[in-house]
Amino acid sequence: MPDVKHSAALVMFRYWAAIRHHAWRIGLFVAVTVLVTGFILLRMPKKYEGTATVRVDPSVPIDVVGNQSGNSSQMDIGPQLATDMREIVSPSVVTPVVVKLGLVPSKGGSKADVSAVVARVSGGITVNQVNGTYLINISYRSTSPDRAAAVANALARQFIRHEYETRSSALLSLSQYMQQQVRELGDRMKDSQRALDNFERANNIVNPDSTSTSLNQELSSLQQELGQEKSHQRVLDSNLALAKEGNLDALLVSDRGNALTPLLRAQQQAEIKFASYASKYGPGNYLYRQEQRKLAQIHKALQKEERHVAAQIEDQAKAVSVQVELTEKQLSDVKAQLNDFSHKSVQFSILKQRSETDKALYNNLLERLDSADITAGYHSTALRIVNAARPDPSPVSPRIKQMLLFAFLFSATLGILAAIAISNMDRTLSDPWTVGDLFGVELFGFLPDVSDEEELQSLVASPDELAAGSRSPFVEAMLGIRSTLLLRQSVEPLRSFAVISAQRQEGKTTVAVNLAAAFAALGKRTVIG
């Protein structure tokens, strides 16, 4: 960890040394950059900005035709604001402003000139929404503060006027279209009502629900009556079949059986009396023969009455059969009448529903048409200027102080980075302590620069000079190197070392002789080879 801190400190020291070494160059570069920047800024034309603020009120209905007018406050205002901001910079808004303010000649100017001016003016317009509000800032930059304010205000007014004219034109077109629709729908409503009246007269339909209920009741009554008649017919058919077979009991239980009861009772009494005479007098007695003739007469009368009752039952069965057929026919007629009426009732309901629908659409369209006529002349307050632009004498461009400060910081940073880069690329040994970093070798010490030849020849120190209290810087440096070597010898024994250099005449012999003298002064045996 200490090695890392030492290395970082050494790097910072090198950077600081490079900055100090090139300080005058950095200062000159910064001064020139700031001066050039100031000169350019002073030569640039000044730009002034005017800003007008328009409020878009979502609570005021803009389009009162249809259902959307009541839901304007619930709609997302974001897309509307984005649309308005794009519309402000559109040629339909900018072109009238350019012509009105005389930014392009009203006469003699070609379409290309007008388009060029419009494009130039559009490039200077800035439109943005104030965050969290329904406000739109319309800004314009110009070389004149009065013109900047005038253009911003003219854009705001023209935008509101354009919105009003566009919506009014759309409402008028919609009103004309709706008038045509009203006429067509009115004709269709009359046709549907006429068709309904004709159908009512042709089919005599006044109250379909009451007629249908009456027919259903009649059908139910006939079905019940037919059921009873068929039940009676089955009983008569059964009695008739038994009567034809001579079954007296079947005749007695029929509706006509009461006529047989006296004869049957008289026959029973005659049979009893005849049996009494037969047992008392015998066949030869006139009383016996008289009762026998009487019993035969009664029996004959009973058979005649049986045939008469059977004939009546047969006639009654035929009558009931005819009645069943008539009832079935009547029931079939009522069913056909009910089916026909149901079909006509469905047609009547369709015609009536169509007539009522056409009438409702017609009335609704009339209401919307009246609303459109009213709105066509209504100037909505949904868009209004809440803050008009005023001339501002302070230019927004160029910002001299900010740009000069930026130029100073940028040039200073660039100069410092350039100085550090040049220092890193410079391989000249300017500091003895950088030897280890540059060449990867250990530094034992460094010697002062001696360029005088006579001084070089007198550098060899005597033992007395080495032991003296006052020594030359060169001698002090040699003693420091000796101390470093002795410390290194405590870690790793040194028996010999060589003094070398890259070129001739760089002081190898001088250094070797002085080092030998320094070691000899300590009583060490030293040999110079």
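Just above sits the structure.
Everything numeric here is computed off the predicted structure, so don't read it as measured data.

K.L.:
Mind showing me how you'd approach the overall build of the protein chain here?
P.N.:
Of regular secondary structure, the protein chain possesses 16 helices and 4 strands. Split into buried and exposed, the 529 residues of the protein chain put 29% on the buried side. Taking as baseline every contact in the protein chain between residues at least 6 positions apart, the subset at least 24 positions apart corresponds to 78%. Taken as a whole, the protein chain presents about 34,500 Å² of accessible surface, with 55% of it coming from carbon and sulfur.

K.L.:
Honestly, the packing of aromatic side chains in this entry has me stumped. Any pointers?
P.N.:
Centre-to-centre distance and the angle between the planes together describe a pair of aromatic rings. One pass over the full model with this rule turns up 1 aromatic pair. Here Phe 406 and Phe 410 contribute two aromatic rings whose centre-to-centre distance is 5.9 Å and whose plane-to-plane angle is 15°, an arrangement assigned as stacked. Note that Phe 406 and Phe 410 are positioned in helix α11 (residues 400-425) at a spacing of 4 residues, about one turn of the helix. Phe 406 sits in the exposed class, given a relative accessible area of 52%. The partly exposed category is assigned to Phe 410, whose relative accessible area is 47%.

K.L.:
When you look at the packing of helix α15 (residues 473-491) against helix α16 (residues 508-521) in this model, what are you seeing that I'm missing?
P.N.:
Helix-helix packing is characterised by the crossing angle of the two axes and by the distance between the axes. Where α15 contacts α16, the two axes come as close as 10 Å, and the packing angle between them is 65°. Classified by the angle between their axes, α15 and α16 sit roughly perpendicular to one another. The hand of the α15/α16 crossing is right-handed. Contacts between α15 and α16 pair Phe 474, Met 478, Leu 479, Ile 481, Arg 482, Leu 485 and Leu 486 from the former with Thr 510, Val 511, Asn 514, Leu 515, Ala 518, Phe 519 and Ala 521 from the latter. Among the residues forming the contact of α15 with α16, the class breakdown is 11 nonpolar, 2 polar and 1 charged.

K.L.:
Help me understand α15 in this model?
P.N.:
Since the α-helix packs 3.6 residues into each turn, any two residues three or four apart lie on the same face. Its 19 residues place the ends of α15 28 Å apart at the C-alpha level, agreeing with the 27 Å of an ideal helix rising 1.5 Å per residue. Three or more residues of α15 are buried, namely Phe 474, Val 475, Ala 477, Met 478, Leu 479, Ile 481, Arg 482 and Leu 485.

K.L.:
What exactly am I supposed to notice about the packing of helix α2 (residues 23-43) against α11 here?
P.N.:
Contact geometry of α2 with α11 gives a least axis separation of 9 Å together with a crossing angle of 150°. The pairing of α2 with α11 is recorded here as roughly antiparallel in orientation. You can see that α2 and α11 cross each other, and the crossing is right-handed. For the pair formed by α2 and α11, the contact residues are Ile 26, Phe 29, Val 30, Thr 33, Val 34, Thr 37, Gly 38, Leu 41 and Leu 42 on the first element and Ile 400, Met 403, Leu 404, Ala 407, Phe 408, Ser 411, Ala 412, Leu 414, Gly 415, Ile 416 and Ala 419 on the second. Classifying every residue of the contact of α2 with α11 by side-chain character gives 15 nonpolar, 5 polar and no charged.

K.L.:
What am I meant to see in the sheet that holds strand β2 (residues 125-129) here?
P.N.:
Sheets are built from strands that pair by backbone hydrogen bonding, the pairs being arranged parallel or antiparallel. Here we have 4 strands laid out as an open sheet, ordered β2-β3-β1-β4, and antiparallel in their pairing. Edge positions in the sheet fall to β2 and β4 (383-387), since each has one partner strand and no second. Averaged over all pairs of adjacent strands, the angle between strand axes in this sheet comes to 30°, irrespective of strand direction. Across 4 bridges, the pairing between strand β1 (residues 48-56) and β4 is antiparallel. Its bridge partner lying in β4, Arg 55 is registered against Arg 384.

K.L.:
Sorry, what's going on with a nonpolar patch on the surface here?
P.N.:
A surface patch of nonpolar side chains, about 700 Å² in accessible area, is lined by Trp 24, Leu 28, Val 32, Val 36, Phe 39, Ile 40 and Met 44. Within the fold, Leu 28 resides in helix α2.

K.L.:
Can you help me understand the nonpolar core in this one?
P.N.:
Soluble globular proteins tend to bury their nonpolar side chains together. The biggest cluster of nonpolar side chains holds 31 residues, and the ones touching the most others in it are Val 98, Val 121 and Leu 155. Those elements that place two or more of their residues in this core are β1, α3 (77-88), α4 (91-100), α5 (111-123), β2, β3 (135-142) and α6 (145-203). In terms of residues, this core owes the most to one element, α6, which gives 8 residues. Leaving out residues up to four positions away in the same chain, Val 121 has contacts with Val 94, Val 98, Leu 103 and Tyr 140. The next biggest cluster of nonpolar side chains, apart from the first, holds 12 residues, and it includes Leu 219, Leu 222, Ala 317 and Phe 341.

K.L.:
Explain the pairing of β1 here, please?
P.N.:
Every other side chain in a regular strand lies on the same face of the sheet, so the side chains alternate between the two faces. Here 8 bridges tie β1 to β3, and the two strands are oriented antiparallel to one another. Across the sheet, Glu 49 pairs through a bridge with Arg 141, a residue of β3.

K.L.:
For this particular structure, what's the right way to read the side chain of Ser 411?
P.N.:
Among the structural elements, Ser 411 can be located in helix α11. Residue Ser 411 is classed as buried on the basis of its relative accessible area of 1%. Within the structure, Ser 411 has its side chain in polar contact with the backbone oxygen of Phe 408 (distance 3.0 Å).

About the thresholds
Residues numbered from 1 in each chain as written. Predicted model: local features only at pLDDT ≥ 70, side-chain atom pairs only at ≥ 80, totals over all residues. Heavy atoms only, no water. Helix = DSSP H or I, 4+ residues; strand = E, 2+ residues; numbered from the N terminus. Buried < 20%, exposed > 50% of the residue type's maximum accessible area, 1.4 Å probe, protein only. Contact = heavy atoms within 4.5 Å. Areas by Shrake-Rupley, 256 points an atom, 1.4 Å probe, with all protein chains shown as cover. Phe/Tyr/Trp six-rings, centres within 6.5 Å; stacked < 30°, edge-to-face > 60°. Axes fitted to C-alpha atoms, helices over the stretch in contact; angles between N-to-C directions. Parallel < 35°, antiparallel > 145°, perpendicular 65-115°, else oblique. Left-handed = near helix turned anticlockwise from the far one by under 90°. Nonpolar A, V, L, I, M, F, W, Y, C, P; charged D, E, K, R; others polar. Expected span 1.5 Å × (residues − 1). Pairing = 2+ DSSP bridges. Patch = residues over 30% accessible without salt bridge, like charges linked within 9 Å, V, L, I, M, F, W, Y side chains within 5 Å. Salt bridge = Lys/Arg side-chain N within 4 Å of Asp/Glu carboxyl O. Core = buried A, V, L, I, M, F, W, Y, C linked by side-chain atoms within 4.5 Å. Polar contact = N/O pair within 3.5 Å; in protein donor to acceptor, adjacent residues only side chain to side chain.

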